[in-house]
Amino acid sequence: QAQLVEFGGGLAQAGGSLRLSCAASGNFFSINAMGWYRQAPGEQRELVATITGTSITNYADSVKGRFTISRDNAKNTVHLQMNSLKLEDTAVYYCNMRARRTAWSPRDDYWGRGTQVTVSS
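### Observations concerning unusual backbone geometry
Glycine aside, residues mostly have negative phi, and peptide bonds are mostly found in the trans state.
And then number 1: Phi at S55 takes a positive value of approximately 70 degrees, unusual for a residue other than glycine.
And then number 2: Despite not being glycine, N76 shows a phi value in the positive range, around 50 degrees.
And then number 3: Structurally, N76 is set in the loop between β7 (67-72) and β8 (77-82).

Here it is, written out as structure tokens:
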């Protein structure tokens, strides 16, 4: 079974930067896409950014121009560089991976446990 480990969260001031990373390990065949989602208290989990195996990226409108997602396929790792942080970026950030367990299995979603990002003034 695949596992995702997130690191890099913490506290930052508005206008500052943080870099999140997520490494996938375990028993899986191939990765279709990886990404980051976030959830603030009392709100629904929302997409932040995703990147496919062909390096196609998608970003939430709220983070375009500020966040950059990247991927190292060889290391099964995804990163999220967060610049110009705003107070509203405060949330728990979850790493997501869409992958096949075997060559003929359907794609399943795997989730990290989440890492807290807090932005203060």
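### Digging into the nonpolar core
And then number 1: With 31 residues, the main nonpolar core has W36, L80, M82, Y93 and M97 as its most contacted residues.
And then number 2: Contributions of two or more residues to this core are made by β1 (2-7), β3 (18-26), β4 (30-39), β5 (46-52), β7, β8, β9 (91-100) and β11 (115-120).
And then number 3: When residues in this core are grouped by element, the largest group, five residues, is from β9.
And then number 4: With near-sequence residues (within four places) excluded, Y93 lies in contact with E6, L20, W36, Y37, R38, V48, F67, L80, M82, G114, T115 and V117.

The rules behind these values
- Residue indices begin from 1 for each chain and proceed along its sequence in written order.
- Reporting in this predicted model follows two pLDDT cut-offs: at least 70 for local features of residues, and 80 or more for side-chain atom pairs to be given and counted; totals over whole chains, interfaces and linings ignore these cut-offs and use all residues.
- Hydrogens and water are ignored here; the side-chain numbers use all heavy atoms of the structure.
- Secondary structure counts use DSSP, requiring at least four H or I residues in a row for a helix and at least two E residues in a row for a strand, with both numbered from the N terminus.
- Each nonpolar core is a collection of buried residues, namely Ala, Val, Leu, Ile, Met, Phe, Trp, Tyr and Cys, held together in the definition by side-chain atoms within 4.5 Å.
- To sort residues, take the accessible area from a 1.4 Å probe on protein chains only and compare it with the maximum for the residue type: under 20% means buried, over 50% means exposed, and anything in between is partly exposed.
- The contact criterion used is simple: two residues touch if any of their non-hydrogen atoms lie within 4.5 Å.

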